[in-house]
Amino acid sequence: NAGVTQTPKFQVLKTGQSMTLQCAQDMNHEYMSWYRQDPGMGLRLIHYSVGAGITDQGEVPNGYNVSRSTTEDFPLRLLSAAPSQTSVYFCASSYSRGVLSTGELFFGEGSRLTVL
Amino acid sequence: DAKTTQPNSMESNEEEPVHLPCNHSTISGTDYIHWYRQLPSQGPEYVIHGLTSNVNNRMASLAIAEDRKSSTLILHRATLRDAAVYYCILLYSGGGADGLTFGKGTHLIIQP
C-alpha cells in the first residue's frame, strides 16, 4: 500500500547544479502535481498533469520542468538550482482533476532540498 | 477566487473537543469546503469536505453555517497526534481546478 512515493527525501545541491525529484504513485491516478512549501508558509503549486503526456504550469513554475511519460511517474527537474529553490517539495495525486473538489488529494512525504 | 481566513494558532487540551474556525465570506454557491491537515515533517492529508450540510467521518466533523460564510472543523476528542497545521480550502464544484490553494492554516497545539 505504497500510495505516493517521493525520492530522495533529502538532497543538498550547489548553485547551478541540476537534479530530478522523483514521484511515483501506484493508485492509477490520472492527476498528479508538485508543490513547494517554504518555512511558515502554505504549499504553492508548481506544475500539474492531468494524464500521461499532458502537463501544465501552476502558480510558481519558473526554474522547474516536468514530464509525464507514464501514468505512474511525474518527475520534477531543476535545471540550474538556485538558493531560492531551497524548500520542501511535495508530490500529490488524485483520481482525476475533475474530482479534486469532491475527492481527496493524496500527498507524498516530501523531499527536502537545500541549495547552497 | 474566494478566500479563507483562519486563526494563526489555537491551543487545546488532550481528550477535549477542538473547534477550528474558518471564515469564507465570499464563498460562491458552487464551492466545496475542504479541510486538510499537515502533521510535523509530513505531507498534508485529507480530513473532510462538505458543500452545504454538516458532515461526519471517522476523523472529524464539519459544521457549515447556514449562510455558508463560515465553517468549523470539530475534533471530538483531541489526542497529541492531532497536533498539526489545519488548512481550510475552497474548491469549485464544477471541477477543473489546477490544484489546491493553501493559506497559512491554523497551527493546533495540544497540551497533555
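For every chain, the first residue of the written sequence is number 1, and numbering continues from 1 onward in sequence order. Chain letters start at A and ligand numbers start at 1, both assigned in the order the entries are written. Given that the model is predicted, a residue must reach a pLDDT of at least 70 before its local features are reported, and side-chain atom pairs must reach 80 or more before they are shown or counted; all residues, however, enter totals for whole chains, interfaces and linings. With hydrogens and water stripped out, all remaining heavy atoms of the structure feed into the side-chain values.

### Re the overall build of chain B
- In this description a helix means any DSSP run of H or I spanning at least four residues, a strand means any run of E spanning at least two, and both kinds are numbered starting from the N terminus. Helix and strand counts for chain B come out as zero helices and nine strands.
- Ordered by position from the N terminus, the helices and strands of chain B form the series β-β-β-β-β-β-β-β-β.
- The globule rule used here is 2.2 Å times the number of residues to the 0.38 power, and the radius of gyration it is set against is calculated over C-alpha atoms. The C-alpha atoms of chain B give a radius of gyration of 13 Å, which matches the 13 Å a tight globule of 112 residues would have.
- Think of it in three bands: with a 1.4 Å probe and only protein chains considered, a residue is buried below 20% of the maximum accessible area for its type, exposed above 50%, and partly exposed in between. By the burial criterion, 45% of the 112 residues in chain B qualify as buried.
- We call two residues contacting when some pair of their heavy atoms lies within 4.5 Å. Long-range pairs, those at least 24 residues apart, make up 57% of the contacts in chain B with a sequence separation of at least 6.
- Note that His is not counted, nor are the chain ends; the positive residues are Lys and Arg, and the negative ones are Asp and Glu. To locate a charge, the coordinates of NZ of Lys, CZ of Arg, CG of Asp or CD of Glu are taken. The averaged location of the 11 negative side-chain charges in chain B is 3 Å from the averaged location of its 8 positive side-chain charges.

### Considering the environment of Phe107(A)
- By the element assignment, Phe107(A) lies in strand S10 (residues 106-107).
- The exposure class assigned to Phe107(A) is buried, which follows from its relative accessible area of 13%.
- Along the backbone, Phe107(A) and Ala92(A) are 15 residues apart, and their C-alpha atoms lie at a distance of 4.2 Å.
- Once residues within four sequence positions are removed from consideration, Phe107(A) is found in contact with Val4(A), Tyr35(A), Leu43(A), Phe90(A), Cys91(A), Ala92(A), Tyr36(B), Gly43(B), Pro44(B) and Phe102(B).

### Details of the interface of chain B and chain A
- In this assembly, 23 residues from chain B lie in contact with 22 residues from chain A.
- By salt bridge we mean one thing: a side-chain nitrogen of Lys or Arg within 4 Å of a carboxyl oxygen of Asp or Glu. Seen at the junction of chain B and chain A, the total is one salt bridge.
- A salt bridge links Arg97(A) to Asp98(B); the shortest N-O distance between them is 2.8 Å.
- As used in this structure description, the phrase polar contact means that two N or O atoms lie within 3.5 Å; if the pair is within protein, one of them must be able to donate a hydrogen and the other to accept it, and residues adjacent in sequence are counted only when both atoms belong to side chains. There are nine residue pairs in polar contact (both at pLDDT 80 or more) connecting chain B and chain A.
- At the level of secondary structure, the elements contributing two or more residues to the side of chain B that touches chain A comprise strand S3 (31-38), strand S4 (45-50) and strand S8 (84-92) of chain B.
- Here the side of chain B that touches chain A gets four residues from one element, more than from any other, and that element is S3(B).
- The residue classification treats Ala, Val, Leu, Ile, Met, Phe, Trp, Tyr, Cys and Pro as nonpolar and Asp, Glu, Lys and Arg as charged. All others, Gly included, are polar. By residue class, the composition of the side of chain B that touches chain A is ten nonpolar, eleven polar and two charged.

### Section: the sheet that holds strand S5 (residues 55-56) of chain B
All names here are of chain B.
- We treat two strands as partners when DSSP finds at least two bridges between them. The strand order across the open sheet formed by four strands is S2-S7-S6-S5, and the pairing between neighbours is antiparallel. Two strands lie at the open edges of the sheet, namely strand S2 (18-23) and S5, each paired on one side alone.
- Looking at chain direction, S5 and strand S6 (residues 61-64) are connected through two bridges and run antiparallel. From the neighbouring strand, valine 55 faces S6, where its bridge partner is leucine 62.

### Section: the pairing of S4(B)
All names here are of chain B.
- Within S4, five of the six residues are buried, leaving the element largely enclosed by the surrounding structure.
- Where S3 and S4 come together, five bridges link them in antiparallel fashion. Residue isoleucine 33 lies in a different strand from S4, and its bridge partner there is glycine 50.
- Between S3 and S4, which pair antiparallel and follow one another directly, the connecting turn spans six residues, one of which, serine 41, has a positive phi of 60°.

### Some points on the side chain of Asp38(A)
All names here are of chain A.
- Structurally, the position occupied by aspartate 38 is in the loop between strand S4 (31-37) and strand S5 (43-51).
- Here aspartate 38 falls in the buried class, since its relative accessible area comes to 15%.
- There is a polar contact of 2.6 Å between the side chain of aspartate 38 and the side chain of arginine 44.
- Within the structure, aspartate 38 has its side chain in polar contact with the side chain of serine 87 (distance 2.8 Å).
- Those residues in contact with aspartate 38, other than ones at most four positions away along the chain, are Arg44, Thr86 and Ser87.

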